[in-house]
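Overview (structure and organization)
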Amino acid sequence: MTITATDFDFIRQMVKNSSAIALDDGKEYLVEMRLSTLIRKLEIPSIADLVSNLRSSSASSLHQMVVEAMTTNETSFFRDAHPFEVLEKTILPEILAKRRSERKLSIWCAASSTGQEPYTIAMILCEAFPEIRNWKIEFLATDISEGVLAHARKGCFSQLEVNRGLPAPLLVKYFDRVGTDWVIKEELRRMIKFQYMNLNQQWLPMPKLDLVFIRNVLIYFTVETKKKILKQIEGMMRPDGYLFLGTSESTLHLDSSFERVALGRAACYRFPQST
Ligand SMILES: C[S@@+](CC[C@H](N)C(=O)[O-])C[C@H]1O[C@@H](n2cnc3c(N)ncnc32)[C@H](O)[C@@H]1O
């Protein structure tokens, strides 16, 4: 199933306008692959027909389906391991000590895909800091794809998904076996609110944030979009909060307000501290 240059340009412009995902030259194969799956599902004869439908209608559901099809939802429990070690051993002890009197913590996991990342954070909180059970935890996880959000809200993971990164003792403790799948316990699911949010459009109102995770999504955006998003995050964080990016991402040359904090084999970002 091939795509013409004109149709590729149309799709790439549409996806960029909507989600800010930048499809560079040479990504025709990716668009073909993703849209082939979509047209099979929708029983549309060809990519050309799909594009023609998109051109002639403003049906937002079809647009949304195409944008969703172009998202990469790769994720896993404890992805890259080291940032979560640092979170448990260094960052959370520091932040929780500072918030002990107010007993409040606010976390945002942007581009959370099918939920493995926010559930990893929730497991760390419950496992290493049981005292926070009586705290007010505001934990928002967002994504542009309704499909991955539905998966995350359900909290139901296949054997293959739990095999990727989830230590066996945590699987046994925080999941119930249902048929061949594993379902996250209510206690953890209740901690997280999964909501639709497009990073390229109006953001949801949020409290001032202690921890922001926006990992493995900035890579899909242009430099201008990355700068805009980091600037917006900057205004949403508490002065002593921490920002986590993907291992191949950084704020370097994008936002000079953050300083990089290297902790062992991981790094996170915060505002320069006066003390
Ligand atoms: C590679 S996954 C990263 C998942 C997780 N953060 C991790 O590091 O494992 C990227 C996610 O970003 C989401 N995404 C892409 N563009 C977005 C946008 N404009 N707004 C919100 N989410 C977006 C995709 O739907 C996808 O689930």
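The rules behind these values
Here the residue numbering is sequential within each chain, running from 1 through the sequence in written order. Only residues with pLDDT of at least 70 get local features here, since the model is predicted, and only at 80 or more are side-chain atom pairs given and counted; chain-wide, interface and lining totals rely on the full set of residues. Numbering goes from the N terminus for both helices and strands, where a helix is a DSSP run of H or I of at least four residues and a strand is a run of E of at least two. As defined in this context, the radius of gyration uses C-alpha atoms, and a globule is described by 2.2 Å times the residue total to the power 0.38. Exposure is read from a count of other C-beta atoms within 10 Å of each residue's own; the residue is exposed at 12 or fewer, buried at 20 or more and partly exposed in between. C-beta atoms are placed from the backbone. This entry defines residue contacts through backbone-placed C-beta atoms, with two residues in contact when those atoms are within 7 Å. For each residue, a C-beta atom is placed from the backbone, and the residue is labelled near a molecule or strand when this atom is within 6 Å of it. All the domain ranges listed were derived from an automatic or database domain assignment. Here the nonpolar group is Ala, Val, Leu, Ile, Met, Phe, Trp, Tyr, Cys and Pro; Asp, Glu, Lys and Arg are the charged ones; every other residue, Gly included, is treated as polar. Two strands qualify as a pair provided DSSP detects at least 2 bridges between them. The span expected for a helix works out to 1.5 Å for each residue beyond the first. Working definition: the arc comes from the directions between the helix axis and the C-beta atoms, pointing outward to the latter. Helix axes use the C-alpha atoms of the stretch in contact, all axes being lines fitted to C-alpha atoms, and the angles between their N-to-C directions lie in the range 0 to 180 degrees. If you view the pair so one helix is near and one far, a crossing is left-handed when the near helix is turned anticlockwise from the far one by less than a right angle, and right-handed when it is turned clockwise.

**What about the overall build of the protein?**
For the protein, the helix and strand inventory stands at eleven helices and ten strands. At 20 Å, the protein has a C-alpha radius of gyration in line with the 19 Å of a compact globule built from 275 residues. On the principal axes, the C-alpha backbone points of the protein span a range of 60 × 50 × 30 Å. Evaluated residue by residue, the protein yields a buried proportion of 33% over its 275 residues. For the protein, contacts bridging at least 24 residues in sequence account for 76% of all contacts bridging at least 6.

**Here we look at the site of the ligand**
Around the ligand, the surrounding shell holds 25 residues, and the nearest of these are Thr71, Thr75, Ala111, Ser113 and Asn216. Composition of the shell around the ligand by domain shows at least three residues from each of domain 1 (5-69) and domain 2 (82-270).

**Side note on the domain arrangement of the protein**
Its domain assignment divides the protein into domain 1 (5-69) and domain 2 (82-270). Each of domain 1 and domain 2 was reduced to a C-alpha centroid, and the two centroids are 30 Å apart. At the level of elements, helix H1 (5-19) and helix H4 (60-69) are the ones that each hand at least two residues to the side of domain 1 that touches domain 2. Residues that form the side of domain 1 that touches domain 2 fall into these classes: four nonpolar, two polar and one charged.

**As for the pairing of strand E8 (residues 237-245)**
In terms of strand pairing, strand E7 (residues 209-214) meets E8 through five bridges, oriented parallel. By the bridge assignment for E8, Leu209 is matched with Met237.

**Focus on helix H11 (residues 223-234)**
Since the α-helix advances by 3.6 residues per turn, residues separated by three or four positions end up pointing in the same direction. Its twelve residues give H11 an end-to-end C-alpha distance of 16 Å, which sits within 8% of 16 Å, the value for a rise of 1.5 Å per residue. Residues of H11 that are buried: Lys226, Ile229, Leu230 and Ile233. Burial along H11 is one-sided: seen end-on, the buried residues are contained in an arc of 100 degrees. In H11, the exposed residues that point more than 90 degrees away from the buried face are Glu224, Lys231 and Gln232. Close packing links the buried residues of H11 with E7 and E8.

**Brief notes about the packing of helix H5 (residues 82-98) against helix H6 (residues 116-128)**
Here H5 crosses H6 at 30 degrees, and the two axes come no closer than 11 Å. The chirality of how H5 crosses H6 is right-handed. For the pair H5 and H6, contact is made by Phe84, Leu87 and Glu88 and by Thr120, Ile124 and Ala128, respectively. Residue composition of the contact of H5 with H6, grouped by class: four nonpolar, one polar and one charged.

**Observations regarding unusual backbone geometry**
Even without being glycine, Glu43 reaches a positive phi, approximately 55 degrees. Structurally, the position occupied by Glu43 is in the loop between helix H2 (28-42) and helix H3 (47-56). With 6 C-beta atoms counted inside 10 Å, the residue Glu43 sits in the exposed group. Look at His253: it is not a glycine, yet its phi comes out positive at around 65 degrees.

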